[in-house]
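# Structural characterization, general
So you can see what is in the structure, the chains are spelled out below.
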Amino acid sequence: MTGILKNFPHTHYHAEARLVTWHPRGVLDDELADRIVAFIEGEERLAEEPFHRFTDFSGLTAIHLKFGHMFKISEQRRAACPGGQPVKSAFFSEWVIGFGFARLYEELMAGGPIEVRAFRTREAAAEWLGVPEEILLPKA
């Protein structure tokens, strides 16, 4: 991973698992979602091999994404990853609103090169990603 990762708050790259974890804080809005997509796409271009992703919504206080923006993001992500080696992107939220947005994104990405899944427990996300649950916990 490049130095960009160090400048993106609450992210960590776990080289042994080829996994980026992200624990956003505060409000997830369209602007932050676009920054996340730009960050991931930049890392994908620079990475020597594909990497999986884990996003933990437990630190969010609100989600202010426009419904249509989710469609735009999914179209952009599908176009950015044609073919190639499939990757997994897990979203964790115990909060019904966060889980609902994650499930919507999962449905919008169905059949695409990025396999997206929404989870209500870190344990289930860790199992699906094939990693120890501990690496999905937020860093102190």
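Residues numbered from 1 in each chain as written. Predicted model: local features only at pLDDT ≥ 70, side-chain atom pairs only at ≥ 80, totals over all residues. Heavy atoms only, no water.

### A short note on the packing of aromatic side chains
Tallied over the full model, the rule gives 4 aromatic pairs. Judged by centre distance (5.2 Å) and plane angle (70°), the ring pair of Phe67 and Phe71 falls under edge-to-face. Placement of both Phe67 and Phe71 in helix α3 (residues 67-80) is noted, with a separation of 4 residues, approximately one turn of the helix. Taking the relative accessible area as the measure of exposure, Phe71 reaches 33% and is therefore partly exposed. (Phe/Tyr/Trp six-rings, centres within 6.5 Å; stacked < 30°, edge-to-face > 60°. Helix = DSSP H or I, 4+ residues; strand = E, 2+ residues; numbered from the N terminus. Buried < 20%, exposed > 50% of the residue type's maximum accessible area, 1.4 Å probe, protein only.)

### Focus: the packing of α3 against helix α4 (residues 96-109)
Packing of α3 against α4 brings their axes to within 10 Å, and their N-to-C directions diverge by 45°. Between α3 and α4, the interaxial angle falls into the category oblique. In the packing of α3 onto α4, the handedness of the crossing is right-handed. On α4, the residues touching Phe67, Met70, Phe71, Ile73, Ser74, Arg77 and Arg78 of α3 are Phe101, Leu104, Tyr105, Leu108 and Met109. (Axes fitted to C-alpha atoms, helices over the stretch in contact; angles between N-to-C directions. Parallel < 35°, antiparallel > 145°, perpendicular 65-115°, else oblique. Left-handed = near helix turned anticlockwise from the far one by under 90°. Contact = heavy atoms within 4.5 Å.)

### Considering helix α2 (residues 30-46)
In this model α2 runs 25 Å from its N-terminal to its C-terminal C-alpha over 17 residues, within 8% of the 24 Å that 1.5 Å per residue would give. For α2, the complete set of buried residues consists of Asp30, Leu32, Ala33, Ile36, Val37, Phe39, Ile40, Glu41, Gly42 and Glu43. (Expected span 1.5 Å × (residues − 1).)

### Describing α3
Between its first and last C-alpha, α3 extends 21 Å over 14 residues, near the 20 Å set by a 1.5 Å rise per residue. Listing the buried residues of α3 in full gives His69, Met70, Ile73, Ser74 and Arg77. All buried residues of α3 project into a common sector of 140° when viewed along the axis, lining one side. In α3, the exposed positions that point more than 90 degrees away from the buried face belong to Glu75 and Ala79. Buried residues belonging to α3 abut α2, β4 (52-56), α4 and β7 (114-119). (Arc of directions from axis to C-beta.)

### Observations concerning the side chain of Asp56
Assignment of secondary structure puts Asp56 in strand β4. By relative accessible area, which is 0% here, Asp56 ends up buried. Side chain to side chain, Asp56 and Arg122 meet in a polar contact 2.6 Å long. Sequence-distant contacts of Asp56, defined by excluding residues within four places in its chain, comprise Trp22, His23, Pro24, Phe92, Arg122, Leu136 and Pro138. (Polar contact = N/O pair within 3.5 Å; in protein donor to acceptor, adjacent residues only side chain to side chain.)

### Remarks on the pattern of salt bridges
Pairing between side chains becomes possible if they bear opposite charge and their charged atoms approach one another. Under the defined criterion, the tally for this structure stands at 10 salt bridges. A salt bridge links Asp30 to Lys66; the nearest nitrogen and oxygen atoms lie 3.9 Å apart. In this pair, Asp30 is assigned in helix α2 and Lys66 in the loop between β5 (60-64) and α3, connecting sequence segments 36 residues apart. The class for Asp30 is buried, based on a relative accessible area of 12%. Since its relative accessible area comes to 59%, Lys66 is described here as exposed. Here Asp56 and Arg122 are joined by a salt bridge, their closest N and O atoms 2.6 Å apart. On the criterion of sequence distance, the pair formed by Asp56 in strand β4 and Arg122 in helix α5 (residues 122-129) is long-range, its members being 66 residues apart. In this structure, a network of salt bridges that share partners links the residues Glu41, Glu44, Arg53 and Arg77. (Salt bridge = Lys/Arg side-chain N within 4 Å of Asp/Glu carboxyl O.)

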